[in-house]
Amino acid sequence: MEDIKNTTLEEIVCYEPSMITTDGIWSGQNPLNYALPLFLLQVVLVVTATRICEFILKPIRQPRVISEILGGVILGPSVLGRSKTFADAVFPLRSVMVIETMANVGLIYFLFLLGVGMDASALRRIGKKSVTIAVAGMILPFSIGAIFSFFLIGDHKGGTTKGSYIILLGVVLSVTALPVLARILVELKLINTEMGRVALSSALVTDVCSWALLAVSIALAANEKPSLASLMVLLSSALFVAVYAFAVRPALMWIVRNTPEGQSFSDFYICLILAGVMISGFITDSFGTHSVFGAFVFGLTIPNGPLGLALVEKLEDFISGLLLPLFFAISGLKTNLGLINRLFTWAILIILVVLACIGKIVGTVIVALSYQMSLSEGAALGLLMNTKGLVEIVVLNVGRDQKVLDEESFATMVIITVLMTGIIVPGISALYKPSRGFISYKRRTIQMSKRDAEFRVLVCVHTPRNVSTIINLIEASNPTKKSPICIYLLHLVELTGRASALLIVHSSRKPADPPALNRNQAQSEHIISAFENYEQHADNVSVQPLTAVSPHSTMHEDICNLAVDKRVAFIIIPFHKQQTVDGGMETANLAIRTVNQNVLAKAPCSVGILVDRGLNGSNRIAADQLSNHVAVLFFGGPDDREALSYGWRMSEHPGVTLTIMRFVPGKEVTRPVLQPSTVNPDEPRILNVETDQDTEKQLDEKLVNMLMMGHEYDDSIVYIEKVVNNGEETMAAIRSTNDVHDLFIVGRGQGMISPLTAGLTDWSECPELGAIGDLLASSDFVATGSVLVVQQYVGAGSEEDELGTPDNSGMTNEEYVNQMSHHSTPSRGHTVFNTDHL
C-alpha cells in the first residue's frame, strides 16, 4: 500500500515552474519532457490527424465532428496509443491536465459563440409542427435507451445511480446536435428548404430539453438519491438564467445603444464580455451544473446584431478551427475500443443504434404524415434528427467525469455517436433528392407561361438603390385580374459570422415591432416597406418578402431553391455595377457578379439581369400614370424569344409603348447559326437544343408574326427591321436609336453564333450580359435607359422534353407557338411597321 502511495506521488509531483519550457536540445534537454513544447506538439498532431480524416471522409460528405473524433481515436489507445513508447512520449499521463484544460476552454467559448449565433426569441416563433416532431422524435429513442441501459449497465462498476446512467444514455440517443445539423443541411443544400427550417426548429427544441436533462443528470450523479443538494443545483441554475435574462441582457442592450452605428465597439466592452464568459462558466460550475451551461446562457443574452457579429468575428476562427477540434480529439483519446471486447456488448451496441435510429425516424414520420408531408420527406427528416455531435460529447465527458460512465461505457457511447451521425448524409442522399423538384419546372419561362394564369416573379435586391426601378418594372409588366403578378421579394444579405445560413420569411410589420439594430435590418425594413406600400396601392399584385443571409459563394443556391419552391417563371437580379452621378457605371460589389453568373448557370427558370439607370424615377407609378418606352432588340434564338415574350406582356399595359427592333442579315452574310458544340465549355450555360438552323428561324418567325397579327391595329407597338451585315453595322444601328427609350430588353444570346454580333465580344467587359447587353450597359453608350438582359431556360436534355411544363405538359416550343397564335390578345390601335436598310 505504501508503494502505491509513493507511486502516485511520483506521478503527480511533476508540474514545477522549471518544467514549463526547455533550454533547447543543444543543452541536451528533451523538449517532450517539458509542458509547453509537449502541448504544442500534441496540438499539431491533433490538427493533422483530424484534417487527414476530414480529407479521407470528404467524398462521403461526413460532418467535421466525425473526423475530429476519429482523429483522437487514431492518436489514442485504440490505434497509435497501443504503442507504449508513443503513448508515454507524446501523450503521457502528466500532460492530460494541460491539454484537457485548454480543450475545455475552447469548448466554453464555442458554446458561448453558439449562444451568440442563436436567436433566443426564435423559441417563441417555433410552430406546433416543429415542437411535436421534436417531442415525438425524443420519446421513442429515450425509451429504447432506458430499456437497453439495463443490458449495458449489467456489470457496470461504480457506486453511481442507475437513474443518471439512464438519463445520459437517453440524451445521447434522443437529442439532435443543432450545430452539426446546420452544417449537414448546408452541405446537402437543404438549409433554406421547408424541411431544413423544420429540422432546425425541432433541433432547437431538443437542445433545450437536453440541457435540462443534463442538469438533472448531473444533480443525480452528485448524489446517490434526489436530495436537497440536487434541488439546489436545479434552483440555482434557474436563478442564474433569470438574472442573465433580466439584468445582464439589459446592460448589454445599453452597450449597443450607446455605440454609434457604423463604429466598432470599445475594446473595454469586448474584453469585459470575454471575461464575462469565464465568470459565467465559473459560477455555473460552482453551482454544480457545468461551466459550458453558463457560457451558453451568456451567449444567448448577447443581442442579435453588430455586437454579436463583432464577437464572432474575433473568436470564431481560432475557437472553431483550433481549440474545439482539441476537445473532440480528447474524447477520441479517451476512447479505448479494446475495452469493448465482448461479442455480446457489440451486438447490443449495434442493435441499440439501429433501434434508436428507427425509433426516431418512426416517431418523426408519424407526425410528418399528420402534417401532410410525404413518406420520403418524413423519413429524411427523421434521419436528420438523428444527427449527433457537440451536446452528446459534452454529455459523455460529464458522465465520465462524474463517474456515471466507466471506460467501457464511455467508449461504447462514443461509438454510438459516431455511427448514428455517420449514417445521416448517405441515408439522406439515398432517401431524399431535392434536385428532383427542379425537373417538374425545367421549362418555367415567360414564353411558356399561360396568359390567363398568375405570373410569378422572384425579385432579388441587395440594396435599396434598385427598389424604385424594380417596382416600376413590375408595374410595367401589366398585372391584370386574369394574370396577376405574385412577387417573391428576396433581400440578399452577405453572411458574416453566423453558424449557418438563414432564410427569414417576413410577416406584415406591426407598429409595435422593435426598431432595427443594425444596417442590414434597417435596409430590409426599407426595402420591404417600399414593396408593401406598392402592394397596397396596386391592383392584382401580391408581395411575399423574404431575407436570405448566406455567403456570396452559395447565395445562388438560396435563389434557385426558392425559385423551385415557389414555382416562379422569372428571376430578376440586379447588375453588379451602378450608375454614377456623371452617367458612368462603377462596380458596387464584385462578389455580386459571381452570384449572377452562378444564377445564370443554375437557375430552373428564366433569368433577367437588370442594369439600373432608373425607370421613371419614383417609388410608385399608378397604372394610369405610367408612361414607358420599351425597346426589344431581336436577333433570334431562345433568349431573344424570351425577351420578346416579356416585351409582349409589357405592351399590353396601357402606359407602355413597345418598339421591336429586329436585326436581319443582309445579302453579304449567311443567316445566324446555332452551334452549341462550338460554345466555350467554360461558359456557365451552354444551349443544348436538338434542333437545326431552319427550326430555330421558323420559331423566331412564328413568334414575331403571332405578335404582329395579334396587334395589327395597335399603334402602341412599333416594328422596325434593321438590315446589317456585320457587328460594326449592328453597333452603329444600335447607337443610332433615339434616346427616348426608358428600357431596353435584349436576349443574352448564349449558344448563338451570329455574324451580326461578330467582333462585339472582343471588347466585352461582362460576358454574362452577352454581346448586345454588354454594349448597352457600357459607360460609353449614349442611351440613358435601363437594360434588362434575359436568358431563357431551355433545359438540359431529352428528359425535360418528355416532361414539358406544368402548364403546357409535353408541348414543344413549336407546338406552343402554334397554340398561342389562336389566343392572341385584343389590339388597341394600329401597329407601325418600318423597315430600315443600312
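So, how was this worked out
- Residues numbered from 1 in each chain as written.
- Predicted model: local features only at pLDDT ≥ 70, side-chain atom pairs only at ≥ 80, totals over all residues.
- Heavy atoms only, no water.
- Phe/Tyr/Trp six-rings, centres within 6.5 Å; stacked < 30°, edge-to-face > 60°.
- Helix = DSSP H or I, 4+ residues; strand = E, 2+ residues; numbered from the N terminus.
- Buried < 20%, exposed > 50% of the residue type's maximum accessible area, 1.4 Å probe, protein only.
- Polar contact = N/O pair within 3.5 Å; in protein donor to acceptor, adjacent residues only side chain to side chain.
- 1 Å grid on protein atoms, 1.4 Å probe; cavity = no way out; pocket = protein on both sides within 12 Å on 5 of 7 lines; lining within 4 Å.
- Points joined across faces, edges and corners; volume = space filled by probe spheres on them.
- Nonpolar A, V, L, I, M, F, W, Y, C, P; charged D, E, K, R; others polar.
- Pairing = 2+ DSSP bridges.
- Core = buried A, V, L, I, M, F, W, Y, C linked by side-chain atoms within 4.5 Å.
- Contact = heavy atoms within 4.5 Å.
- Expected span 1.5 Å × (residues − 1).
- Bend = angle between axes of the 7 residues up to and from the residue.
- Salt bridge = Lys/Arg side-chain N within 4 Å of Asp/Glu carboxyl O.
- Axes fitted to C-alpha atoms, helices over the stretch in contact; angles between N-to-C directions.
- Parallel < 35°, antiparallel > 145°, perpendicular 65-115°, else oblique.
- Left-handed = near helix turned anticlockwise from the far one by under 90°.

Caption draft 1: Spatial organisation of the packing of aromatic side chains. A complete count under the given rule lists seven aromatic pairs for this structure. With 4.5 Å between their ring centres and 5 degrees between their planes, F635 and F663 make a pair best called stacked. Taken together, the residues F635 in the loop between β9 (628-634) and α25 (638-651) and F663 in strand β10 (residues 656-665) connect sequence positions 28 residues apart. Accessibility classification places F635 together with F663 in one group, the buried group. Each residue in the set F112, F240, Y244 and F298 is aromatic and connected to the rest through ring pairs, giving one cluster.

Caption draft 2: Focus on the side chain of R613. Within the secondary structure layout, R613 lies in the loop between β8 (606-611) and β9. Reaching out from R613, the side chain makes a polar contact with the backbone oxygen of L776 at a distance of 3.0 Å.

Caption draft 3: Spatial organisation of empty space enclosed by the protein. Applying the stated criterion across every chain, the model contains seven cavities of 30 Å³ or more. What the largest cavity holds in volume is close to 80 Å³. Taken together, I446, S449, K450, R451, A453, E454, F455, S483, S645 and R649 make up the full set of residues lining the largest cavity. Taken together, the residues of the lining of the largest cavity break down into three nonpolar, three polar and four charged.

Caption draft 4: Representation of the pairing of strand β4 (residues 541-550) within the structure. With eight of 10 residues buried, β4 is to be regarded as a mostly interior element. Of the pairings in the sheet, the one linking strand β2 (residues 485-494) to β4 comprises 10 bridges and is parallel in character. The partner of L492 across the bridge, within β4, is A548.

Caption draft 5: View of the nonpolar core. In this structure, F112, L384 and I416 are the most contacted members of the largest nonpolar core, which totals 112 residues. Those residues in contact with L384, other than ones at most four positions away along the chain, are T176, L181, I184, L185, M195, A199, I424 and I428. The next biggest cluster of nonpolar side chains, apart from the first, holds 49 residues, and it includes V461, V467, I485 and L707.

Caption draft 6: Examining the side chain of S606 more closely. By the secondary structure assignment, S606 is in strand β8. Given a relative accessible area of 0%, S606 falls into the buried group. At a separation of 2.6 Å, a polar atom in the side chain of S606 contacts the side chain of E642. Setting aside residues no more than four positions away along its own chain, S606 makes contact with R444, T445, I446, A569, F570, I571, E642, Q791, Q792 and Y793.

Caption draft 7: Focus on helix α14 (residues 306-333). Here α14 spans 38 Å end to end across 28 residues, near enough to the 40 Å set by a 1.5 Å rise per residue. Taking the largest bend as the criterion, α14 deviates by roughly 50 degrees, centred on L315.

Caption draft 8: Geometry of the pattern of salt bridges. Under the counting rule described, the total for this entry stands at seven salt bridges. Of the charged contacts, one joins E768 and R593 as a salt bridge, the two residues approaching to 3.1 Å between their closest N and O atoms. One end of the pair, E768, is in the loop between β14 (752-753) and α28 (770-777); the other, R593, is in helix α24 (residues 590-602), and 175 residues separate them in sequence.

Caption draft 9: Structural view of the packing of helix α27 (residues 727-735) against α28. Viewed as axis vectors pointing N to C, α27 and α28 meet at an angle of 45 degrees, and their least axial separation amounts to 12 Å. Taken together, α27 and α28 sit at an angle that is classed as oblique. Considering how the two elements wind past one another, α27 and α28 form a crossing that is right-handed. Facing T730, M731, I734 and R735 of α27, the residues of α28 in contact are I772, L775 and L776.

Any functional reading would require information beyond the geometric quantities listed.
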